[in-house]
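Spelled out, the chains give:
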Amino acid sequence: MNRLLPFEWIAAVRFLREGRLQTMFIILGITIGVAVIVFMSALLSGLQVNFLSRVLT
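Residues numbered from 1 in each chain as written. Predicted model: local features only at pLDDT ≥ 70, side-chain atom pairs only at ≥ 80, totals over all residues. Heavy atoms only, no water.

A word on the overall build of the protein
Within the protein, the regular secondary structure consists of two helices and zero strands. Against the compact-globule benchmark of 10 Å for 57 residues, the protein has a radius of gyration of 21 Å, which places it well outside the compact range. C-alpha atoms of the protein, sized along the principal axes, occupy 65 × 25 × 10 Å. Taking all 57 residues of the protein together, the buried fraction comes to 5%. (Helix = DSSP H or I, 4+ residues; strand = E, 2+ residues; numbered from the N terminus. Rg over C-alpha atoms; globule rule 2.2 N^0.38 Å. Buried < 20%, exposed > 50% of the residue type's maximum accessible area, 1.4 Å probe, protein only.)

Right under this line is the structure:
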């Protein structure tokens, strides 16, 4: 490992390499969380457009 990296980076990379299953769960959780946020944002945007079109017509 390159000693020019800060200690935090070295510790993080070592932790991610050792706990592969836990790392996979973390990445999966982040992916699902981002997908839910994107989905909810699109859903609320669509509902807002639908609501405004119904109110203004």
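Having put the structure on the table, let's press on.
Here we look at the packing of helix H1 (residues 7-18) against helix H2 (residues 20-56)
Relative orientation of the contacting elements H1 and H2 amounts to 100°, with a least axis distance of 5 Å. Taken together, H1 and H2 sit at an angle that is classed as roughly perpendicular. The segment H1 lies against H2, with Phe 15, Leu 16, Arg 17 and Glu 18 engaging Arg 20, Gln 22 and Thr 23. Of the residues contributing to the contact of H1 with H2, the split by class is two nonpolar, two polar and three charged. (Axes fitted to C-alpha atoms, helices over the stretch in contact; angles between N-to-C directions. Parallel < 35°, antiparallel > 145°, perpendicular 65-115°, else oblique. Contact = heavy atoms within 4.5 Å. Nonpolar A, V, L, I, M, F, W, Y, C, P; charged D, E, K, R; others polar.)

What about the environment of Leu 47?
With respect to the helices, strands and loops of the structure, Leu 47 is situated in helix H2. With a relative accessible area of 47%, Leu 47 lands in the partly exposed category.

Notes on a nonpolar patch on the surface
On the surface, Leu 21, Met 24, Phe 25, Leu 28, Ile 32, Val 36, Phe 39, Met 40, Leu 43, Leu 44 and Leu 47 cluster together into a nonpolar patch covering about 1100 Å² of accessible area. By secondary structure assignment, the location of Leu 21 is in helix H2. (Patch = residues over 30% accessible without salt bridge, like charges linked within 9 Å, V, L, I, M, F, W, Y side chains within 5 Å. Areas by Shrake-Rupley, 256 points an atom, 1.4 Å probe, with all protein chains shown as cover. Salt bridge = Lys/Arg side-chain N within 4 Å of Asp/Glu carboxyl O.)

Digging into the side chain of Thr 23
Of note, Thr 23 is situated in helix H2. For Thr 23, a relative accessible area of 13% puts it in the buried group. For Thr 23, the residues in contact, after removing those within four places along its chain, are Phe 15 and Leu 16.

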